[in-house]
Amino acid sequence: MDSVGVPARGPLRLTGIALPVVGRARLYVCGITPYDVTHLGHASTYLWTDLVVRVWRSIGVTVEVARNITDVDDAMFAEARRVGMPYDQVAAISRFAFDRTMAALGVRPPDHEPTARASVTHVIELGQALLAAGHAYLRDGTVYARTADAAARVGLSPDEAVKLAAEFNDDPDDPGRDDPLDVAVWRAGGADVHGTAGPGQTRVSWPSPWGPGRPGWHAECAAMVLNTFGSSVDLHAGGEDLCFPHHAVETLLAEQATGVAPFARAWLQVGVVRVGGLRMSKSLRNLTLVDDLLERHSPAAVRLLCLGRRWQDAWDYDEAAFDQVEATVDQLYTAAGRTGSTADQALAVAAVDAALSDDLDVPRALALALDSGGAAARRLIDVVGLA
Ligand SMILES: [Zn+2]
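Throughout this description, residue numbers start from 1 for each chain and increase along the sequence as written. Note on the predicted model: pLDDT of at least 70 is required for a residue's local features to be given, and 80 or more for side-chain atom pairs to be given and counted; whole-chain, interface and lining totals, by contrast, use all residues. In computing side-chain values, all of the structure's heavy atoms are included and hydrogens and water are not.

1. Regarding the domain arrangement of the protein
Consideration 1: Residue ranges labeled as domains rest on an automatic or database domain assignment. Here the domain parsing of the protein yields domain 1 (20-270) and domain 2 (290-384).
Consideration 2: Put simply, the middle of domain 1 and the middle of domain 2, counted by C-alpha atoms, are 33 Å apart.
Consideration 3: Here the quantity called buried area is the accessible surface, traced with a 1.4 Å probe, that two parts lose on coming together, added over both. Between domain 1 and domain 2, the buried area comes to about 2,000 Å², and carbon and sulfur atoms account for 71% of it.
Consideration 4: Think of a salt bridge as a Lys or Arg side-chain nitrogen and an Asp or Glu carboxyl oxygen that are within 4 Å of each other. Among the ionic pairs, Asp50 bridges to Arg303, the shortest N-O distance being 2.8 Å.

And the structure:
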């Protein structure tokens, strides 16, 4: 307790894990594959990541954020072929739109924005480290990492894992690998892209010690984390749907390459957004675009729609939910104008802070802010970004 009886704040806790920070907190979040417009599922992940940064900063922690761009990816190349544009141009257009949407939502820009295209050298270094340590093998110019253990580490049976690996284009049927759950850190050969440079120049690849090829997705993120922050991070964020294979394999690759574990002290795997029980995704053609929502609703309402719940939970989007959310934002603004005694206000602010630091409990912080009003409501509006 300090002199006015306000409880001292503890460190941020996520799913029961206390995360004290000495110096700066290093946060990495898996970014977009830049070939599409931003939908509510993406926005939810980046809003939660933004909230954890705001909460950390509100308790005086310096946070360094890296959010990558996956601009070397077969889905990206396929979209570029479909629209008949060079893939880097598709990426540039999409990144511009994404940045504009994030700014409209009040998501602070990351300190680091590594791209897969600029990280090819680091993927090669990762492949060399894995080969040297005996955790990878070379076959016909492709470097495969032995990652079958990643599934067991997240509690998946081999059958479940193979199904998910196929869903995420890890190609478990590839006969070149020893185990269907091994992944390609480096893939031999080029990918077909839209041809702009004339005949014979329609495949993209990079030189490597194993011949021309391109990096694999999970290895890209592992390499970008290691290059940006060293061998571990304090918090790794991303959508819950990336838990396997992406996050599990990325973790194993990094730990096997560096010998340092855990790769991430904690994870913020944000619950997916569904529509009628199905995950919002491009392939299901059920996207709700953030730019469309922002034509009808305030950024504060979109933020509270995504953040006014437990971050782990999957949830169903329904436009009708905005009625309640917008009413709550109005009540919060009204409550912010109330006054009270200084001591009571300080206690109420501390209670809001404590709720936010305790697993980012926005519903509890919101209830406290509405109940106490005044400084507590203003604190919530400030930290959650609802102004
Ligand atoms: Zn990633």
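Back to the write-up after that little detour.
2. Digging into the pattern of salt bridges
Consideration 1: This structure, assessed with the given rule, holds 22 salt bridges.
Consideration 2: Between Arg54 and Asp50 there is a salt bridge, with the nearest N and O atoms lying 2.7 Å from each other. With Arg54 and Asp50 both in helix α1 (residues 40-58) and 4 residues apart, the pair spans about one turn of that helix.
Consideration 3: With relative accessibility at 12%, the residue Arg54 sits in the buried group. Each helix corresponds to a stretch of at least 4 residues labelled H or I by DSSP, and each strand to a stretch of at least 2 residues labelled E; elements are numbered beginning at the N terminus. Residue exposure (1.4 Å probe, protein chains only): buried if accessible area is under 20% of the type maximum, exposed if over 50%, otherwise partly exposed.

3. Remarks on the sheet that holds strand β10 (residues 213-215)
Consideration 1: Two strands qualify as a pair provided that DSSP identifies no fewer than 2 bridges between them. A sheet is described by the order of its strands in space; here 4 strands give the open sequence β5-β6-β7-β10, paired in antiparallel fashion. Looking at the sheet topology across the chains shown, the edges are occupied by β5 (136-139) and β10. Recorded for the sheet is a direction-independent mean angle of 20° between the axes of neighbouring strands.
Consideration 2: Examined bridge by bridge, strand β6 (residues 142-145) and strand β7 (residues 183-188) share 3 bridges and lie antiparallel to one another. If you follow Ala145 over to β7, its bridge partner there is Val183.
Consideration 3: Sitting on the sheet, helix α4 (residues 120-132) is in contact with β5, β6, β7 and β10, with an inclination near 120° to β7. The angle between two axes is taken between their N-to-C directions and runs from 0 to 180 degrees, where each axis is a line fitted to C-alpha atoms and a helix contributes only its stretch in contact. Contacts: residue pairs with any heavy atoms within 4.5 Å of one another.

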